[in-house]
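Geometric and topological summary
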Amino acid sequence: MSRRPLLPSSARRGLLRCLLAGVVASAAAVPGRAAPAAGAAAPDCGRPLTLGLHEHGLLYSSQTGEGIDKDIAEEMARRSGCKLTLTVMPRARIWQLVETGALDFSLSAIADPQRERFAEFAWYVSNKYYMLVRKDADLHAVADFRRRDGLKLGVIRSFRYGRSANALVDALDADQRVTYATALEPLYEILRDNRIQAMIVEPFDYPAIHTAQWQALTTILEFDDPAVPHGLVMSRRSLSPAQREAWQGVIRSMRADGTVRRIFEKYFPPELARGMTQFQP
Amino acid sequence: MKRVLPHLFALLVGALALALTLVLWTHERRSEQARLRAIFDFNLRQAATRIEQRVANFEQMLRGVQGLFGAGAPVSGDAFARYVESVMSGPDAAGLQGFCYAPLLTPAELPAYVAAQRAAGHPGYAVRPPGEREAYAPLTYLAPARPDNANGFGFDPLSDPVRRAAMLQARDSGNLAITRRLRLTIDTPVQTQAAFLMFLPVYASGPAPDSTQERRERARGWVAGSFRIGDLMSTLYGEESPGLVLQLHDGVDAGPATVMYRSAPLPPDGPPPRFEAQEYIAFAGHAWTLQMSALPEFERRHGQDAASVILVAGGGLSLMLALLAFQLLTGRARATAQAQAMTRELRDSEERYRRIVVTAGEGIWVIDAAGRIAFANPRVARWLGWSEAEMLGRPLADFLGEGQLERYRALPGPAPDAESAPLELRLRRRDGSETWVALSQRPIVDDLGHPAGALGMLTDIDARRHAEERRSALEAQLRDAQKMEAIGTLAGGIAHDFNNILAAILGNVAVARHDAASGLATDASLAQIERSAVRARALVQQILTFSRMQAQELRTQALQPMIEETLAMLRAALPAQVELAVALAAEPVWVRADATQMQQVVMNLCTNAWHALPAARGRIDVGLDTAPDPQGAPQARLWVADDGSGMDDATLARIFEPFFTTKQVGHGTGLGLAVVHGIVSVHGGTIRVESAPGVGTRFELRFPLQPAPPAEPAQPAPAAPAPRGAGQCVLCVDDDPAMVLMMQALLQRSGYAVRPFEHPLAALAAANEPGAGVDVVVSDYNMPEMNGMELAEAVRRVLPGVPVVITSGFISDEMRQQAQALGVALLQKEYTLERLPGLVHAVLGAGEGAGLRPVPVCDPPAP
């Protein structure tokens, strides 16, 4: 995928407005961290640090080698002066390696109680989740999906979302109505093949689904959840609290000076980029 | 409705329990399914993770190879081979076929490259396929070395669209790119496994290119790794996964055409898999579909089948619960019905037993613990002349004859649940008469084992007892009759003896008169007279003793004296031609016997032996000793044998029959041996007879031998002569003048005054005289007008308490009883001379003699 600015069609303007409104409306609701204490330590670059990227729409594409996460990683390396070794791997594996301490960082991840046991997060973006559903499924609300026994949902293994989205995924999983994949691409294919009738998407996935083909095939339903912050994942096992605080400082500085916004503006319309990156963590 | 209600309730209980069971079963099934599903999903997730990880390992190895070329220095084929060999030495390389390096060449660079390869020892080297292309990337290094590498050496993967797409993707992205499944150049036509190539770009040395354009400009080649899916999967799982079938498809389509790997075929005839799911594995822009199906073995391996257990157990428990409810609800009704049935049975049983008891020929009574009649059947009531109701509650003693209560109480308690031996009792009828019964008693105990009474079975034996009494009386009469017969037999001999004695007495009296008249001493004659008189007295005593009619008195005594006495009598009667040989044991032979009856036995046997001697000539043997019985117990043995005519077998068989005799009429009653047999039986003895015609007969009697009785106290020394009287008045009465004279003389000499009378009435008149002064009366018993007892009674009416002595030649038991009742003394007449004075003195001293006066009024005593 080329690094071209997003060119929404007229039919997608409504979607963008929806995305923007959702992001802005919930921006203030996200709990955030206190401002860094003055004199926070600098990241320790005494060893090469590892960062796992996962292929996910605008976040990173293995075909182009480009993406938001790669830009964030490069900025982190530049600001800190540390060498970050980037490795592309499935999201599920990233969590395994972060938990064991074999991987120091990952990017654009959300937290949950289980993850917070082994990882610390530094937020830099916040967005809502949406359900991309086939039009022929004849659904008009997310809640209807649960009631229709024959419908299946596609989910990336180990992905978590907002509260109601997670509840839906868990309930459907108990009913064996969830199909898993290690990345997005297979889900798009099986959605197209009607082997699943919906999948959960976020703004990063928009370029893959803005084509006329997808427009004709699908529609987007909004979850009732507020925007969920995404951010830097730091392994508690491999990074000391001081280092984690140092890297918190790096992300904060990137946010503070608008670097994060600018990165996002490379991929999203400015209003959307601003709404996604300007929030109270 | 009431009848149906328990059934309905039981059905309801069972239905509820079944419903609960079904709920639990369903829940357990769902839980089990969820658990199995979770295990299945875990296995699927784990399989996907393993595949991802293995491919990631391959990528890391390939990056290592990439780094070899990214260092900048040229890499030789040997260095490449060595590096690859080291990289592939670990287990993570399982499934990898090898690595290769393909430099990117322009058309202008190609000839020099080919020349260099040919110069390097590959003279036939050529880039394949030939033809002009905008760029070439011939495989230059292949490792590890294998013979089939020649197939790949020189091949240009850019010429293949599948490879080309991946190579260009890798070049443009700078990341790993994986081809779709293809056939490796080193593969033979036989090789059917799906294979893949992974490509990483090699750029010119320097900073990592930052854009696609820069990557294209600085691309210098590729490194690639190849792997086969089958090898990869088998190194992950082996050839089979237990209970699970794994299928790996190329792409997201899981159809037959896309299958790259199948761990095991699904059973063609088996049921559809219980669990089946897919997971999509994506890397480097390429997707595989991992499909997992669960075989029945999966369920068997992981399933717990608790649902079946719940269903079966719950069903069973539901049924039991329903039955229990039914039982509980109907328990009372059934218990009532059962109680009614049991009551009916009990009533019927009691009626049966009542009929048996009422109509029994035996008497039945029940005595309670207090000794009262608790039940008496009609038979008992009829026996005793009472009604059953009248008998109830009365003490048993009311119905026992005189002296029977002690016998009943002495009845030993039988063992529990056992009857006592029959006890013959006399019961008292209502009219006072008595009847004999045989009582068998069984104790009754309550539930605690305490005595609660007794159950008695009574048999009427009154007729039998009377018959036995009559029989005993008849037997006694028989014995007495036979005794008289024996006496009759002895009469001649006894008369002969007496004649001899009288002759001696009379003769010596004549001699004494003559001597007295001549002034000679008469002591010798008087002594002879005395001896003869004593002998006569002894003979009379023997006869009286033999003929005494008295009850059987068994006591331990020696047999010798009674045999000797009998033989003494017999000897006098035996003819002189009959020899009597006697052999009696020297030591006493003690038996428990009635002396009179034993004498009768000896007498009868000897008499028979005497009568069996032909022409009254022969020998009779009488012997006595001891001998053991067949068991070794000592016995007294008495035998009487003769050498007479003997008896044949026919006679021998009947000799003990009463009235059987071989003698002529008038010469015997035939009772002798019957009586002998009876007496021997009563004494617990046995009798055996041996006889042969013309030889003789031997009777052998055996009796149980008794131990010697304790020695009798030493006989007191002969009493001193009785003290002389003090002139007390003795009234002497005897119808024999000689006796009167004798007593008068004897008493007068003893210091008493005597008034003699020959008539009892005269004696009575004398006693009635005022001032008669009679101190003691001595009277004969057997007198005309009145006997001695009657006289004693009459005198006592006049002189109350006057001592009386009755003399008699024969003192019967009846006489003794009368004497005891009257309080009079008895004196055997033959002992008058020795005992009368002492007896008179004794009776005078024992009681207060009426009329005892210090001044005698009777004839003065002899000086």
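So, here is what we can say about the structure in this document. (Residues numbered from 1 in each chain as written. Chains lettered and ligands numbered in written order. Predicted model: local features only at pLDDT ≥ 70, side-chain atom pairs only at ≥ 80, totals over all residues. Heavy atoms only, no water.)

Across its full length, chain B carries 23 helices and 26 strands. Burial statistics for chain B: of 863 residues in total, 44% are counted as buried. Put simply, of all contacts in chain B between residues at least 6 apart along the chain, 65% involve residues at least 24 apart. (Helix = DSSP H or I, 4+ residues; strand = E, 2+ residues; numbered from the N terminus. Buried < 20%, exposed > 50% of the residue type's maximum accessible area, 1.4 Å probe, protein only. Contact = heavy atoms within 4.5 Å.)

An α-helix turns once every 3.6 residues. As a result, residues three or four positions apart point the same way. If you check which residues of helix H6 (residues 184-192) of chain A are buried, you get Leu 184, Pro 186, Leu 187, Tyr 188, Ile 190 and Leu 191 of chain A. Once H6 of chain A finishes, Asn 194 of chain A follows within two positions and takes phi at roughly 65°, a positive value.

Attention now moves to the state of the cysteines. All names here are of chain A. As enumerated under the stated definition, the model contains 1 disulfide over all chains in all. The disulfide that involves Cys 45 links it to Cys 82, with 1.5 Å between the sulfurs. Every disulfide takes its handedness from the sign of the S-S torsion; for Cys 45 and Cys 82 that torsion is -75°, giving left-handed. Pair noted here: Cys 45 is in the loop between helix H1 (10-27) and strand E1 (49-53) and Cys 82 is in the loop between helix H2 (68-80) and strand E2 (84-88), with a separation of 37 residues, a long-range link. Cys 82 gets classed as buried once you look at its relative accessible area, which sits at 5%. (Disulfide = S-S within 2.5 Å.)

A separate point is the layout of surface pockets. In this structure, the largest pocket encloses a volume near 1200 Å³. Forming the boundary of the largest pocket are 43 residues, of which Thr 85 and Leu 86 of chain A together with Arg 63, Gln 66 and Gly 174 of chain B lie nearest the centre. Of all the secondary-structure elements, those providing two or more residues to the lining of the largest pocket are E1, H2, E2 and helix H3 (91-100) of chain A together with helix H1 (4-70), strand E4 (195-203) and helix H6 (212-218) of chain B. At 9 residues, the largest contribution of residues to the lining of the largest pocket is made by H1 of chain B. Tallied by class, residues from the lining of the largest pocket come to 19 nonpolar, 15 polar and 9 charged. (1 Å grid on protein atoms, 1.4 Å probe; cavity = no way out; pocket = protein on both sides within 12 Å on 5 of 7 lines; lining within 4 Å. Points joined across faces, edges and corners; volume = space filled by probe spheres on them. Nonpolar A, V, L, I, M, F, W, Y, C, P; charged D, E, K, R; others polar.)

Turning to the side chain of Arg 134 of chain A, a few remarks are in order. Residues and elements named next belong to chain A. Position of Arg 134 relative to the elements: it lies in strand E5 (residues 130-134). Classification of Arg 134 as buried rests on a relative accessible area of 7%. Within the structure, the side chain of Arg 134 is placed 3.0 Å from the side chain of Asn 194, a separation counted as a polar contact. (Polar contact = N/O pair within 3.5 Å; in protein donor to acceptor, adjacent residues only side chain to side chain.)

The next point concerns the pattern of salt bridges. A pair can form between side chains of opposite charge whenever their charged atoms are brought close. Summed over the entire model, instances satisfying the criterion amount to 49 salt bridges over all chains. A salt bridge links Arg 79 of chain A to Glu 75 of chain A; the shortest N-O distance between them is 2.6 Å. With Arg 79 of chain A and Glu 75 of chain A both in helix H2, this residue pair falls 4 residues apart, about one helical turn. The class for Glu 75 of chain A is buried, based on a relative accessible area of 12%. When the shortest N-O distance is used, the salt bridge between Asp 734 of chain B and Lys 829 of chain B registers 3.1 Å. Placement of the pair is Asp 734 of chain B in the loop between strand E22 (729-733) and helix H19 (737-749) and Lys 829 of chain B in the loop between strand E26 (825-828) and helix H23 (832-846), with a sequence separation of 95 residues. (Salt bridge = Lys/Arg side-chain N within 4 Å of Asp/Glu carboxyl O.)

Contacts between the two partners involve 25 residues from chain B, matched on the other side by 26 residues from chain A. Interface of chain B and chain A: buried area, both sides summed, is about 2000 Å²; carbon and sulfur atoms make up 43% of it. Here Arg 157 of chain A ties to Glu 279 of chain B by a salt bridge, and the two come within 2.1 Å at their closest N and O atoms. Among the secondary structure elements, those contributing two or more residues to the side of chain B that touches chain A are H1, helix H5 (161-173), H6 and strand E8 (276-283) of chain B. (Buried area = accessible area lost by both parts, 1.4 Å probe.)

What follows covers the sheet that holds strand E9 (residues 286-294) of chain B. Pairing is mixed in the open sheet, where 9 strands are placed in the order E9(A)-E5(A)-E8(A)-E6(A)-E7(A)-E8(B)-E9(B)-E6(B)-E7(B). Each edge of the sheet is formed by a strand with only one pairing partner; in this case those strands are strand E9 (218-222) of chain A together with strand E7 (259-262) of chain B. Sheet twist, expressed as the mean angle between neighbouring strand axes with direction ignored, is 25°. As paired elements, E8 of chain B and E9 of chain B share 8 bridges and run antiparallel to each other. From the neighbouring strand, Tyr 280 of chain B faces E9 of chain B, where its bridge partner is Thr 289 of chain B. Against the sheet, H1 of chain B contacts strand E6 (244-250), E8 and E9 of chain B, and its axis sits at roughly 25° relative to E8 of chain B. (Pairing = 2+ DSSP bridges. Axes fitted to C-alpha atoms, helices over the stretch in contact; angles between N-to-C directions.)

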